[in-house]
Amino acid sequence: MKHILMKLKTAVIAVGLLSGSAMSASVPLVKNLHEGWKFKQARLTNWYPATVPGVVHTDLLQNKIIEDPFFRLNERGLQWIDKEDWIYETRFSLSSDMMQKENMDLVFEGLDTYADVYLNDECILKADNMFRRWSLPVKQYIKEGDNVLKIYFHSPIKIDVPKWDALPYHYPASNDQSENGGLLNKKISIFARKAGYHYGWDWGPRLVTSGIWRPVYIKAWSDSRINDVFIEQKQVNASKAVIAGHIELNADKEMNDVTVTVTDEATGKILGKQQTNLKKGINQVTVNFALSKPKLWWSNGLGEPYLYRFRTDVTANKEILDSKTEKVGIRSLKVVHQPDKDGHTFYIELNGRPVFAKGANYIPCDNFLPRVTPDIYKKTILDAANANMNMLRVWGGGTYESDLFYDLCDEHGIMIWQDFMFACSMYPAEGELLESIRQEAIDNVKRLRNHACIALWCGNNECQDAWLGWGWKPEIEKQSKEYADKVWAQYQQQYHVTLPEVVKEYAPETFYWPSSPFAFEGEPSGTTDGDRHYWSVWHGKVPISDYNKEKSRFFSEYGFQSFPEFESVKRYAPNPEDWDIRSEVMMSHQRGGDHANGLIETYLLNEYKTPHNFQSFLYMNHVLQGDAIKTAIEAHRRQMPYNMGTLFWQHNDCWPVASWASRDYYGRWKAQHYYARKAFEDILISPIVEEDELKVYGVSDRIKGASGKLQVQVCRFDGKIIHDWSKHVSVGGNTSQVYFSAPLTEVLKDTEKGDVYVRVVYADKSGKVYDNNYYLGKQKEMNYPKVNLTTEVQPMAGGYEVTVSSDKFARAVFLSIADNESLYSDNYFDIQPNGSVKVQIATQLPVDKFKESLKLTCLNNEF
Ligand code: BMA
């Protein structure tokens, strides 16, 4: 009944809208210009069909002129593409309705990068920044009938090499793989406002694209149109939200008695209204309103990420001239950066509550950005939400992401640490380039400022630490102190003047942080103030257990590498001769080079065992990576509230490669992602030996306390229980506390450390169970018995349920089937002695093929 009433109510609102004023002939009309494109190499004559949005590389691929750039060694043969100029062209005509409008704006949401735009042979734009949105009045150039839109893309290499040649000193750009691009040491990426990772990274190929990478359209309008709506949340608490709607209008003439209203679409209630006169040109109108007892937006795990839909209508003479709807999460979100007894805090406060940030660093999902489909975006964000994350950091060497990305983060309560697009380089930020950076910042801060998910803006990734600590400053100083001073002055201007000014002006409620990691201007980052990138485990080769010792106020990066799993490797390296981590193909898909392979091997030998073949290497590498990151996450969470964040490096890949990612390019979860999901649960029960005491921490991110039973056992791998303790405990909300502590000797009772594991289980009153297994030494020191694993397969809707049973404790059981589209409810899990685990696998494989290809791997039997 309620359902029908609701439906009726919605229908009435819709009819009301239409019969009231929305039937107006005055609303702007939009025509996408995505059809009929062709492209060619500028100096040649053959035209080929093109896809818009798209880039040259994917168009060449679709026309079978090149082969898949991600397959085996193909990337190497494609380095000619970025040294050519390319021309794109289409023809279009506009409807008579559109032709009747007084104004026409040609809008490019993104042009990559040096692009001259011609409309009917008139050069109307010379674009030079991939991150900018270009909107141009074009009415005067548009003809009735056929119009020709042509874009000439200059090679970014040809444009920028002369800039490098002209300088007496060089800006460092450590990840720019200029040699792979045939440019020797000419690291030119710093000159182009273009995604840094296109030039190569330590997890990415060098594929420097050009193209119309985001939508292009014509918007035709008369009288007035909405340029922008900014919903400024001036003050938010549980009882009230004070909001100012700032509406930017463009008018083509003076207009009197124009009304701007903001309506809550869910209820149809008008929230605020403003009567105004418009002058010709740009007008700013503010509609103030308040919500009493607003439904607040919460991050994942803390509550519903509720989104209002606020519709802005501009009306004159009872006709709606333009409308725009914003989805807005009402919340107060602060970054609390304040002195305390230890240094400076750095944490998120959401709706008045400190929130421990759990998540990962995010890079672009593909080297060819336009082919990231809505489904890929959905899976990427859902894989974060389903792994109990509440934050992603959009890292500065990629792009300001698509609107859909941020919409999904709003919907799933994923807070965004948003870098400006600068990473691991110094930039010539003066003159025209600085102005371009300023405009790019304005475009993107304006575009993203209504998103509830945006938690902070950050100037760059690692640029200050690199200048001060990676030897860059002395290197340039050696040449001349004047050059070094100049580079540093540009740095300060960019990150301490220009970018914070933009954030202050266009998103005044949003926190700005100059760099990541950062503590103080002109000083290297540290452990007592601000955020930290911790890389001593991995780059610094220290033992994985060091994660337990290291402190920070907010770990914004740390990571550990693995190769993709074998089923993924076969997709880009299908030949048996490729199946060696040092084969030419695998090396080309390992951008950390032999150094990184060596690190994986060293850690495996130090802490695990020697794998007996390639597949075994890949599997053990996954367990190693998963265990390492689990150790780190648990350590970081135990440190709460001193530490208030843990974002591992990295959530995703942009091509198939060995990297720090927890999900590979094809979206497959590695062991790390399953382990992170568990370590990020709202309650973490974390055992650890500290000074010969076995302690069990309970860490809770819940708003309220939990009560339940905690059980701590020391078990032999064959099932015999050596020590058994249980107690009713209340785990306090938003705290980390020790709930069990005993001398190791007491709980071990003369048993060898290598023969046992610590098993902890916490069952709260609602029946939710949290468990964890912990080892008293390195994995290679564990005397894992060989195990008999048996399986039982039951068909279920969309796949199969597999019950895996083991006679003894089985470590890291990995299931795999020969199906690239399959999804697993869990993997790389442990099985208790004489226990079993049920796993749901979504797949289209018929039952015989499924059973035939089902493979089980387990650390016990690999050692
Ligand atoms: C971090 C990042 C990236 C890099 C990663 C792995 O410092 O900011 O630049 O890819 O380390 O080395």
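Residues numbered from 1 in each chain as written. Predicted model: local features only at pLDDT ≥ 70, side-chain atom pairs only at ≥ 80, totals over all residues. Heavy atoms only, no water.

A. Examining the sheet that holds strand S31 (residues 683-690) more closely. The antiparallel open sheet is built from 3 strands, whose spatial order is S31-S32-S35. The sheet terminates laterally at S31 and strand S35 (735-743), the two strands that pair on one side only. Across the sheet, the mean angle from the axis of one strand to that of its neighbour is 20°, orientation sign disregarded. (Pairing = 2+ DSSP bridges. Helix = DSSP H or I, 4+ residues; strand = E, 2+ residues; numbered from the N terminus. Axes fitted to C-alpha atoms, helices over the stretch in contact; angles between N-to-C directions.)

B. Structural view of the domain arrangement of the protein chain. By domain assignment, the protein chain separates into domain 1 (33-217), domain 2 (223-328), domain 3 (352-678), domain 4 (683-781) and domain 5 (789-862). Residue-level contacts link 46 residues of domain 1 with 61 residues of domain 3. If you sort the residues of domain 1 by the area they bury against domain 3, Phe70, Arg72 and Trp203 come out on top, with a joint share of 20%. The interface formed by domain 1 and domain 3 holds 5 salt bridges in total. When the shortest N-O distance is used, the salt bridge between Glu584 and Arg76 registers 2.7 Å. Viewed at the interface, domain 3 and domain 1 are joined by 23 residue pairs in polar contact (both at pLDDT 80 or more). (Domains from an automatic or database assignment. Contact = heavy atoms within 4.5 Å. Buried area = accessible area lost by both parts, 1.4 Å probe. Salt bridge = Lys/Arg side-chain N within 4 Å of Asp/Glu carboxyl O. Polar contact = N/O pair within 3.5 Å; in protein donor to acceptor, adjacent residues only side chain to side chain.)

C. Looking closely at the site of the ligand. Surveying the vicinity of the ligand reveals the residues Trp201, Asp202, Trp203, Trp395, Cys424, Asn461, Glu462, Trp535, His539, Glu557, Trp649 and Trp660. Residue Asp202 places a side-chain N or O atom 2.6 Å away from an oxygen atom belonging to the ligand. Trp395 is positioned with one of its side-chain polar atoms (N or O) 3.2 Å from an oxygen atom of the ligand. Counting contributing residues per domain, the shell around the ligand is built from domain 1 (33-217) and domain 3 (352-678), each supplying no fewer than three. (Near = heavy atom within 4 Å.)

D. Representation of unusual backbone geometry within the structure. The step from Val52 to Pro53 runs through a cis peptide bond, and the omega angle for that step is -5°. Relative to the helices and strands, Pro53 resides in the loop between strand S3 (48-49) and helix H2 (56-62). Pro641 follows Met640 through a cis peptide bond whose omega is 10°. Within the element layout of this structure, Pro641 appears in the loop between helix H14 (614-638) and strand S30 (645-648). You will see that Asn120, though not glycine, has its phi angle at about 50°, which is positive. By the element assignment, Asn120 lies in the loop between strand S6 (115-119) and strand S7 (122-127).

E. Structural detail: the side chain of Asp313. Relative to the elements of secondary structure, Asp313 occurs in strand S18 (residues 308-316). A distance of 3.1 Å separates the side chain of Asp313 from the side chain of Arg311, its partner in a polar contact. Not counting residues within four places of it along the chain, the set of residues in contact with Asp313 comprises Thr259, Val260, Thr261, Thr263, Ile320, Asp322 and Ser323.

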